[in-house]
Amino acid sequence: MKILAVQFSTETNTFISKLTTRTDFDERGISARDVSLHPFLPSHDLFLFFRQAAEADGHQYHEGLVASAEPGGPLAQEDYEEFRDTIIQDAERVVPDVVLLLLHGAMVSQEVMDCEGDILHRLRKVLGSQTVIAAMLDPHAHLSAQMVEASNLLVSMKEYPHTDGLQTAQALYALATSAAQGGVHPVMVMKDIPVLGIWPTQTPEVRSLVDHAKLIEQSPDILSTSFIHGFPWGDTPDTGAKALVIADGDYERAQTEAQRFAQRVWQTREASQPQFVAFGEAISIAQTHRSRPTIIADTADNPGGGAPGDATYAVHALLEADIDRAIVATLYDPDAVAVCFNAGIGEQLPLSIGGNDGVSSGVPVVGDAAVLALNQELRQTGFDLEAGVTFGRAALIKIKGVHIILSERRAQTLSPDVLTNMGVTPSDYQIIVVKSTNHFYECFSAISSNIIYATSPGALTCTFAEMPYRYASTAYWPRLSATDPTLGLTKTQKAS
Ligand SMILES: [Zn+2]
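Note that the structure is a prediction, hence the values are computed from the model and not measured.

The rules we used
Residues numbered from 1 in each chain as written. Predicted model: local features only at pLDDT ≥ 70, side-chain atom pairs only at ≥ 80, totals over all residues. Buried ≥ 20, exposed ≤ 12 C-beta atoms within 10 Å, placed from the backbone. Helix = DSSP H or I, 4+ residues; strand = E, 2+ residues; numbered from the N terminus. Pairing = 2+ DSSP bridges. Axes fitted to C-alpha atoms, helices over the stretch in contact; angles between N-to-C directions. Parallel < 35°, antiparallel > 145°, perpendicular 65-115°, else oblique. Left-handed = near helix turned anticlockwise from the far one by under 90°. Contact = placed C-beta atoms within 7 Å. Nonpolar A, V, L, I, M, F, W, Y, C, P; charged D, E, K, R; others polar.

**Topic: the pairing of strand E1 (residues 2-9)**
Thinking step 1. Taken across its eight residues, E1 has seven buried, putting it largely inside the fold.
Thinking step 2. Across seven bridges, the pairing between E1 and strand E2 (residues 60-68) is parallel. Opposite Ser 9, over in E2, you have Ser 68 as the bridge partner.
Thinking step 3. Of the pairings in the sheet, the one linking E1 to strand E3 (residues 98-103) comprises six bridges and is parallel in character. Across the sheet, residue Ala 5 finds its bridge partner in E3, namely Leu 100.

Here you go:
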């Protein structure tokens, strides 16, 4: 049996105007046929698993394109088509029995709102109905009917932070190879859930949803259950939360479980959503904590959701509160990094940082900065898919009592080694601000239980009731009241 494994993934924030281009994929590295030549690729370990498993099972393993980029604005159409067509050419070259794809699910190009549906549809067209097309998704996906129709298996990670990349890849491999050999007969059912929000899986309420999905999977006739959270900052006709259940040959059964899971998400909609506070309030709360540090998540400026990463709301709030021993990790400003490198460690200089990308970035911070440390390449470890992400050159500066790590590249903050790799100790700080929505939690919760989710007018505001959608359905809670008769699940609940 011939297996082809490929990746083409990024998450598109359609409210960001700056296009994502080939250069953004180049920053992480692009592999044409062999990831072992690219040890820093975020998905390196997953492809090694695919290769080892396929060879151990006596299959012919082929690798095609492996490319991913930090989330950002829509993909430049030309670059999107080039990557997409490379995958199609890989498939035409190999003529596989099984295609394993790592996709995100929320990729949007200048002209295509359902990029993953487009890719899967074109693959089906060239490979025919006999090939098993199986894709792993991020739960922050816009799951579409086109994606479901064009593929045999779609399996999403269950954890957020996404710590279960490898387990999901293993499950996908096992299901796909079994389906190709006639061992299982996957039938997929997708069910819309009219709720917009985020679901950090470390909270008890969301944990119970993950447990419920796993419980459904224990049934012998259910092959997989995915909770698609949706990605609220992508405005497409397919935006929204979904339940996706794959049964073994039994469509009715998949439908029943998908409906049941959707109802459970609906019932826990309020309790499952985290609380967000303004920066000023977050800082006040942090000052009441006896143990240090307190981690404040700058959720609205998370580069991992496509935000510019140079918003200054946190720095301004810390300066206004006159906080001593606070650090912001990180702030994207390649020009300021270059100025610091020219000046050198120990120099004091007037500097303008951040605030370069419009309203969501705030106004620049201007002040006398001391250059405390420089790093030619600031790397952070993370978990699974995000291992080895680089910030490029980085400078640690100090303005009054606030330390700021300036970076040359946009990346989400995932691990405290961003601080230690700049030569500072996390526990020395009263407040650590991280630019992340929830992925930081996995590694930062190991050094502190004081964690606050802050929001600001950044690019990823969590005011879900007011999303300025043009294409996505606006019939969802919390935009509409839970008792609104136009919300589909409410009607179903009454009927049952
Ligand atoms: Zn995600």
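Picking up where we left off.
**Observations regarding unusual backbone geometry**
Where the residue is not glycine, phi is negative for most of them; where a peptide bond is considered, it is trans in most cases.
Thinking step 1. The peptide bond linking Arg 292 to Pro 293 adopts the cis configuration, its omega dihedral lying at 0 degrees.
Thinking step 2. Considering the arrangement of structural elements, one finds Pro 293 in the loop between helix H9 (279-288) and strand E10 (294-298).
Thinking step 3. At the junction of Ala 329 and Thr 330, the peptide bond is cis and its omega measures out at 10 degrees in the coordinates.
Thinking step 4. Among the secondary structure elements, Thr 330 is positioned in strand E11 (residues 326-332).
Thinking step 5. The backbone of Val 95 shows a phi angle near 50 degrees, a positive value even though the residue is not glycine.
Thinking step 6. What makes Val 95 partly exposed here is the crowd of 13 C-beta atoms within 10 Å.
Thinking step 7. The residue Arg 325 is not glycine, and still its phi comes out positive at about 65 degrees.
Thinking step 8. In this structure, Arg 325 sits in the loop between helix H10 (313-320) and E11.

**A short note on the packing of H9 against H10**
Thinking step 1. In contact at an axis separation of 9 Å, H9 and H10 are set at 50 degrees when each is read in the N-to-C sense. Overall, the two elements H9 and H10 adopt an arrangement that is oblique. For the element pair H9 and H10, the recorded crossing hand is right-handed. From H9, Phe 279, Gly 280 and Ile 283 reach across to H10, where they touch Tyr 313, Ala 314, Ala 317 and Leu 318.
Thinking step 2. Split into classes, the residues belonging to the contact of H9 with H10 amount to six nonpolar, one polar and no charged.

**Concerning the sheet that holds strand E13 (residues 365-375)**
Thinking step 1. Across the sheet, which stays open at both edges, the nine strands sit in the order E9-E19-E10-E18-E11-E17-E16-E13-E12 with mixed pairing between neighbours. Both outer strands of the open sheet, strand E9 (277-278) and strand E12 (348-353), are each paired with one neighbouring strand and no more.
Thinking step 2. By the bridge criterion, six bridges tie E11 to strand E17 (residues 402-407) in an arrangement that is parallel. Note on E17: the bridge partner recorded for Ile 327 is His 403.

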